[in-house]
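Fold and contact review
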Amino acid sequence: MKWYEWRTHTNRLRAWSRAVQGANPYRVEFEPNKDKCPSGYTDFTHRLSKVNPEAFGKTPAEQFAFTKAILTHEAGHKRFTTLNKDMSPVVAQVSNILEDERIERLMEAEFVGVRAGLRRLNAECLDKTPALDPESENTADVLNYILQLRWSARADMSIKGSLSIENDALLQECLPLVEGCWSAP
C-alpha cells in the first residue's frame with residue numbers, strides 16, 4: 001500500500017489544504033498518474049485541487065512534504081488567481097507561469113510556515129528541468145529561462161544553461177513586465 005492510500009496521511013494533507021485555502025475550500029484529490037497530473041493543478045470550474053503525491057521525492061516522507069508544498073501552491077491559485085476564460089491557451093499558459101511566483105509570494109506573506117516547503121519545491125523543479133542550450137534560437141527558451149529564473153531565485157541555485165544572444169535580448173525586453181507581474185498585488 002502506498003503512503004498516500006493511508007487515510008491518516010490524506011486526512012492530514014486535506015486538512016492542511018483546507019486551512020491554507022481559506023473560506024469555501026476546494027475538494028482535494030490525489031492522482032499519482034503523471035499523464036493525468038504531472039504535479040498539481042487547480043480546476044476552478046469543478047472547485048478541485050488535484051495533486052500527484054509521487055511527483056517529487058523518493059521516500060514517503062519526502063513525497064508527503066512535497067505534496068504539502070504543492071497543495072500550498074494550488075491553494076495560492078484558489079485564493080489569489082482570477083479565472084479568465086477568454087484567454088487563448090498560450091496566453092493562459094504564460095499567465096499561469098507569471099502568476100505562480102505572485103501567488104507563492106502572497107502565500108508566504110499570509111502563512112509564515114510555508115516558505116521552506118515552497119523553496120524545496122522550487123529547487124526540485126529547477127533540478128528536474130533540462131539545461132537551456134545557448135545555441136538554440138527557439139523563442140520558447142525565453143519562457144523556460146523565466147521559469148528557471150523564478151525557481152533559481154527562490155531556491156538560491158544557478159540557472160541551468162543560458163540563452164542565445166537573440167533570446168537574451170528578447171528576455172531583457174520582457175524582464176520588466178515579468179518582474180512587475182511577480183510583485184503585483
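Here's a quick rundown of the structure. (Residues numbered from 1 in each chain as written. Predicted model: local features only at pLDDT ≥ 70, side-chain atom pairs only at ≥ 80, totals over all residues. Heavy atoms only, no water.)

1. So, the pairing of strand E3 (residues 48–51)
Rule in force here: Each residue is placed in one exposure class: buried if its accessible area under a 1.4 Å probe, protein chains only, is under 20% of its type's maximum, exposed if it is over 50%, and partly exposed if it falls in between. Counting from the N terminus, the helices are DSSP H or I runs at least four residues long and the strands are E runs at least two residues long. One bridge is not enough; two strands pair if DSSP finds at least two bridges between them.
With burial as the criterion, each face of E3 is covered, one bearing Leu48 and Lys50 and the other bearing Ser49 and Val51. Bridge analysis of strand E1 (residues 27–30) against E3 gives 4 bridges, and the strand direction is parallel. Considered in E3, the bridge of phenylalanine 30 is made with valine 51. Examined bridge by bridge, strand E2 (residues 40–43) and E3 share 4 bridges and lie antiparallel to one another. Its bridge partner lying in E3, glycine 40 is registered against valine 51. Where E2 folds back on E3, the antiparallel hairpin that results is connected by 4 residues, among which arginine 47 adopts a positive phi of roughly 50°.

2. Some remarks on the pattern of salt bridges
So the rule is basically this: Salt bridges, as used here, are contacts in which a Lys or Arg side-chain nitrogen is within 4 Å of a carboxyl oxygen on Asp or Glu.
This structure, assessed with the given rule, holds 12 salt bridges. For glutamate 101, the salt bridge goes to arginine 150, with nearest N and O atoms at 2.9 Å. Residue glutamate 101 is found in helix H3 (residues 89–110), and its partner arginine 150 is found in helix H5 (residues 140–155); the two are separated by 49 residues along the sequence. Each member of the pair glutamate 101 and arginine 150 is classed as buried. One salt bridge in this structure joins glutamate 108 and arginine 154, with 2.8 Å as the shortest N-O distance. A residue pair is termed long-range when its members are at least 10 positions apart, and glutamate 108 in helix H3 and arginine 154 in helix H5 qualify at 46 residues. For arginine 154, a relative accessible area of 12% corresponds to the buried category.

3. Description of H5
For the record, the criterion: Expected helix span is computed as 1.5 Å times (number of residues minus one).
Taking 1.5 Å as the rise per residue, H5 with 16 residues should run 22 Å; its terminal C-alpha atoms sit 23 Å apart, in good agreement. Among the residues making up H5, those that are buried are Asp141, Val142, Tyr145, Ile146, Leu147, Gln148, Arg150, Trp151, Ser152, Arg154 and Ala155. Two residues or fewer past H5, aspartate 156 is found with a positive phi of approximately 55°.

4. Some thoughts on the packing of H5 against helix H6 (residues 165–182)
Under the convention used in this document: With axes taken as lines fitted to C-alpha atoms, and helix axes fitted only over the stretch in contact, angles between N-to-C directions fall between 0 and 180 degrees. Here is the rule for angles: anything less than 35 degrees is roughly parallel, anything more than 145 is roughly antiparallel, 65 through 115 is roughly perpendicular, and the remaining ranges are oblique. Definitions for this section: a left-handed crossing has its near helix turned counterclockwise from the far helix by less than a right angle. A right-handed crossing has that turn clockwise. Throughout, a contact is declared for two residues whenever any of their heavy atoms are within 4.5 Å. By the convention adopted, Pro, Cys, Tyr, Trp, Phe, Met, Ile, Leu, Val and Ala count as nonpolar, Lys, Arg, Asp and Glu as charged, and the other residues, Gly among them, as polar.
Between H5 and H6, the shortest axis-to-axis distance is 10 Å and the interhelical angle comes to 50°. Classified by the angle their axes make, H5 and H6 are oblique. Note on packing geometry: the crossing formed by H5 with H6 is right-handed. Residues Asp141, Val142, Tyr145, Ile146, Leu149 and Arg150 of H5 lie in contact with H6, whose contacting residues are Asn167, Leu170, Leu171, Leu175, Val178 and Trp182. Taken together, the residues of the contact of H5 with H6 break down into 9 nonpolar, 1 polar and 2 charged.

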